[in-house]
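Chains, contacts and geometry: an overview
So you can see what is in the structure, the chains are spelled out below.
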Amino acid sequence: MPLKDRLTFNETLATAQAEAARQAYATAETTFVAEQQIAKSLGGRIEDDTAIFGFWTPELLDERVPQGDIFLEVLSPTTPLDLTVSHQDLAFERAWIPVVREGAHCFTAVTGMRAGTRGEIGDFYALSWRDARGTWHRILDPLAMSLPFGAMAPAELYDVDAMQAARQDVDYYAALQQDAPHKFGPSVNILQIHVPTATAGGTLASLMRHYQRLADRVAQDLPLEPADQLFLGYDAIQLLPLEPTTVYEKGPDFWQETEASDDHVTVSALRPDTTNWGYDVVISGMSTVNPVLLETGRPDELIDLAAVLHNFPSKPKKLIFDVVFGHSDNQGLRALNSHFFAGPNMYGQNLDYQNPAVRAILLEMQRRKVNFGADGVRVDGAQDFKWWDHAHQTLRHDDAYLQSMADVVQDVAGTQYRPWFIFEDGRPWPDEDWELSSTYRAVVENQRDDDVFQWGPLTFAHNTPFLYTFWLSKYWRIREIVENGANWISGTSNHDTLRRGTQVSPKLNVNTRLGGTRMEILDKAYDNPAVHALTYVALPGVPMDFLNAMARSSWGFIRNQDDQYGVKVVAEEAISLKWQVDEYSYLVPANFRRLKELGFETREELVRFMDFLPALVEVTDYDLEEIARLLGMAEPPLAGPEFTVANLKRIARAWMDDMHEYCNISNALSSLDPAQIQFANDVREFRQNRPWLGKNYGPKDRFDYLHPINGRTVFTSLRHGPDGEQVFTVAHLEGKPTDELEPLSLPVPGIEGTGWRLALRTPSIGDEYVGGPIVLKDSMGLVYVRNT
């Protein structure tokens, strides 16, 4: 049946949607409350046999577009569509459905549309309007629930109710039901995961299968290898952002229309394949999942992962989403109308939180996304949520919006709940004195709930724990954690700190006691057994580890979409080559194959090019033509292709794609140290069994360093549990070995007496040590317990 005969415009229902919006404006307490009511009806959804659509379209008012020139454009595939292939030429039938307008909103309803499900591709749609010259323009759906070809392409109508009805963790939610919405509290610890580098498959489905395999082995009490233990011992998993990110700046687009008529469209469609660390969002599409992360192209994969985590044997694992609503990449200007934005910032564009419609839509995006099954939400860059106070000519933090984020009530499998919230907020960052001035408590102290968390000072800051004096210089911050860190995320390894570490000049005062090579030094700095003892035993708060750091895999700023500034970004990342890639790693045939094809056959050749590039970027003020000319004049000649602007961009793209593959932890699993992995698991289990360690220090607790320093930083900690247990920790963080000492005779008030038992020792100490005098060296630590 032709599409135009299959579809029927339901004017009555469309009019009812518009009337509901009018009533909201007429009766709601404020415009924002009205916009919140309307936002729930925006996007595309299925009710019975009818598809209902709503769009916020202030740009149509700006352009004075009459209602008769506005239509829902429906695109129904007439050729088989396979979301698992790289490229396909597709044919679509096209139909145009009238809309009913109410102010800045357009609504329509249509029967006969096919909704997508796990097993079936649905019809695609966008709002389209015709200008006075007869030219058509598209408005994409920012609240779409399925975007198989990314945020810059028409959306797929998706049956979200069917997806939710099929979820396999219904019992998990049923157990949470109560009269008031359930409130999730903090986890004991967190594993931070970047989905594309967490498994060889690099998708949510691949990660789900990995956790299902682990669940099966745990349920059957089967042996666990180090590669299994790496993922275990955590009661929460935090995924780096899952939203659609930027597309290739200069193309190709994933949706390219090759022919078009009123009733037919042909499309050259590419499977989205960008690489990104997740934070370069365009805001549009935040309600759904980045198609790059979907093996099948179906958003159901995220629910599948949530269900496996929630059903994990012995204890459910919580799922935390990392959301980015504090900024948009400049590509957001292409995906959204200009009313969403309040002007440029260092990342791209500020969002206009003071616009009631924008405010409501962003919160609705968040609600729909978390309904995939998240138990917690980490808010990226909360210090960036600002608005311009015209009366006082100053920027102000929008703490009311942050509170609104934490107030959103979710509804999954018939259970209402509010997630645990974590805010990354280092205000007054990026002021030059932010490291000194930030309290890391601005959000915690302003929120109504007492279980809201922030990233703490060792987590937020650009930490470099492989430089001498780092730990002693941070002692004042550690004291703050001891006294006030109960609502802080702790730990030094995350996506930001590890990346910053790779950008430090190796010429600085590096702690060579951490390892014999730069790679060993960097790896141990962010997976240091003594630091694990400090974080998991001595410090309050919620410890978080980054998977790539725990696997001693590589990491960096991963983004291959840039054209204009791609070469500059690689110049900034160039120094990471000296930290993360040795000659052996470079020569592995599967590694850096694109750069080798461009002529950089050895690491030495690439290092020499990378030494030149940052200097030339600076002295030429990033003049690519001049950079290419000067590179071509180097003597002896540099390896690589002929240096042209185009080839410089090819090198930059090759670097990003090769590094993305190199950072996959599957490359590191065969070299995991079983003793280190076991110790990290033991210290996590120690914390799981003593959740009271997350609380601030009490009056009898002690934290200090050994005096005098004598060329080493050794921390001591004594903590008292509610059941009479005492926990004593000694951790050597940096510097020379100590003289031989008896840990239980150190001058720490409260450790006197007998009854102590050695509970944990870092791997380099050896199993034969059970107590007595010892020489502590860098990265060694001991944990004792006794019951009084």
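Description of the structure in this document. Not measured: the values here are computed from a predicted model.

How each quantity is defined
Residues numbered from 1 in each chain as written. Predicted model: local features only at pLDDT ≥ 70, side-chain atom pairs only at ≥ 80, totals over all residues. Heavy atoms only, no water. Helix = DSSP H or I, 4+ residues; strand = E, 2+ residues; numbered from the N terminus. Rg over C-alpha atoms; globule rule 2.2 N^0.38 Å. Buried < 20%, exposed > 50% of the residue type's maximum accessible area, 1.4 Å probe, protein only. Areas by Shrake-Rupley, 256 points an atom, 1.4 Å probe, with all protein chains shown as cover. Pairing = 2+ DSSP bridges. Axes fitted to C-alpha atoms, helices over the stretch in contact; angles between N-to-C directions. Contact = heavy atoms within 4.5 Å. Core = buried A, V, L, I, M, F, W, Y, C linked by side-chain atoms within 4.5 Å. Parallel < 35°, antiparallel > 145°, perpendicular 65-115°, else oblique. Left-handed = near helix turned anticlockwise from the far one by under 90°. Nonpolar A, V, L, I, M, F, W, Y, C, P; charged D, E, K, R; others polar.

Attention shifts here to the overall build of the protein chain. Across its full length, the protein chain holds 29 helices and 32 strands. Taking 28 Å as the expected radius of gyration for a compact globule of 788 residues, we find that the protein chain reaches 28 Å, a close match to that expectation. Burial status across the protein chain gives 62% buried among its 788 residues. Summing over all exposed atoms, the protein chain offers an accessible surface of approximately 30300 Å²; the carbon and sulfur share of this is 49%.

Attention now goes to the pairing of strand β23 (residues 415-418). The pairing of strand β11 (residues 182-183) with β23 spans two bridges and is classified as parallel. Opposite lysine 183, over in β23, you have arginine 418 as the bridge partner. Pairing geometry for strand β22 (residues 410-412) and β23, over three bridges, is antiparallel. For aspartate 411, the partnering residue across the bridge sits in β23 and is glutamine 416.

A word on the sheet that holds strand β29 (residues 712-720). Taking strand neighbours across the sheet as the criterion, the five strands line up as β28-β29-β30-β32-β31 in an open arrangement whose pairing is antiparallel. Pairing within the sheet leaves two strands with one partner each, and these edge strands are β28 (702-705) and β31 (757-761). Direction aside, neighbouring strands of the sheet carry axes that sit 15 degrees apart on average. Judged from the four bridges that link them, β28 and β29 form a sheet pairing that is antiparallel. Opposite tyrosine 705, over in β29, you have phenylalanine 715 as the bridge partner. With respect to the sheet, helix α17 (residues 475-484) is in contact with β28 and β29, its orientation differing from that of β28 by roughly 175 degrees. Here helix α29 (residues 674-688) sits on the sheet and contacts β30 (725-735), β31 and β32 (781-787); the angle it forms with β31, its principal contact strand, is near 125 degrees.

Okay, the sheet that holds strand β12 (residues 190-193) next. If you walk around this closed barrel you meet the eight strands as β12-β13-β16-β19-β24-β25-β26-β27, and the pairing is parallel. Recorded for the sheet is a direction-independent mean angle of 30 degrees between the axes of neighbouring strands. In the sheet, strand β26 (residues 488-490) pairs with strand β27 (residues 542-546) via two bridges, with the strands oriented parallel. Each bridged residue has a counterpart across the sheet, and for isoleucine 489 the counterpart in β27 is valine 542.

Position of tyrosine 475 relative to the elements: it lies in helix α17. For the pair formed by tyrosine 475 and aspartate 704, sequence separation is 229 residues and the distance between their alpha carbons is 8.8 Å.

The step from glutamate 635 to proline 636 runs through a cis peptide bond, and the omega angle for that step is -10 degrees. In this structure, the amide linkage connecting histidine 707 to the following residue, proline 708, adopts the cis form with an omega of -10 degrees. One can find proline 708 in the loop between β28 and β29. A positive phi angle is found at isoleucine 283, which is not glycine, with a value near 70 degrees. Mapping isoleucine 283 onto the fold places it in the loop between β15 (264-270) and α10 (300-310). Judged by relative accessible area, isoleucine 283 falls into the buried class, the value being 0%.

Ranked by internal contacts, the top residues of the largest apolar core, which has 245 residues, are Tyr211, Leu239 and Phe609. If you tally residues by element for this core, the top one is helix α28 (residues 645-662), at nine residues. With residues up to four places along the chain from it excluded, the contact list for leucine 239 reads Ile193, Val195, Leu204, Leu207, Leu302, Leu305, Leu319, Ile320, Phe321 and Asp322. Core analysis: the second largest hydrophobic core is formed by 18 residues, Leu741, Leu758, Ile765 and Leu776 among them.

Turning our attention to the packing of helix α3 (residues 31-39) against helix α12 (residues 356-370). Packing of α3 against α12 leaves a shortest axis separation of 8 Å and a crossing angle of 40 degrees. Our classification of the angle between α3 and α12 gives oblique. By crossing handedness, the relation of α3 to α12 is classed as right-handed. Residues Thr31, Phe32, Glu35, Gln36 and Ala39 of α3 lie in contact with α12, whose contacting residues are Pro356, Ala357, Arg359, Ala360, Ile361, Leu363, Glu364 and Arg368. Here the contact of α3 with α12 is built from residues that sort into seven nonpolar, two polar and four charged.

Turning next to the side chain of histidine 105. Its location among the elements puts histidine 105 in strand β7 (residues 105-111). Not counting residues up to four positions away in its chain, the partners in contact with histidine 105 are Tyr25, Glu35, Ile38, Leu42, Phe55, Trp56, Thr57 and Val100.

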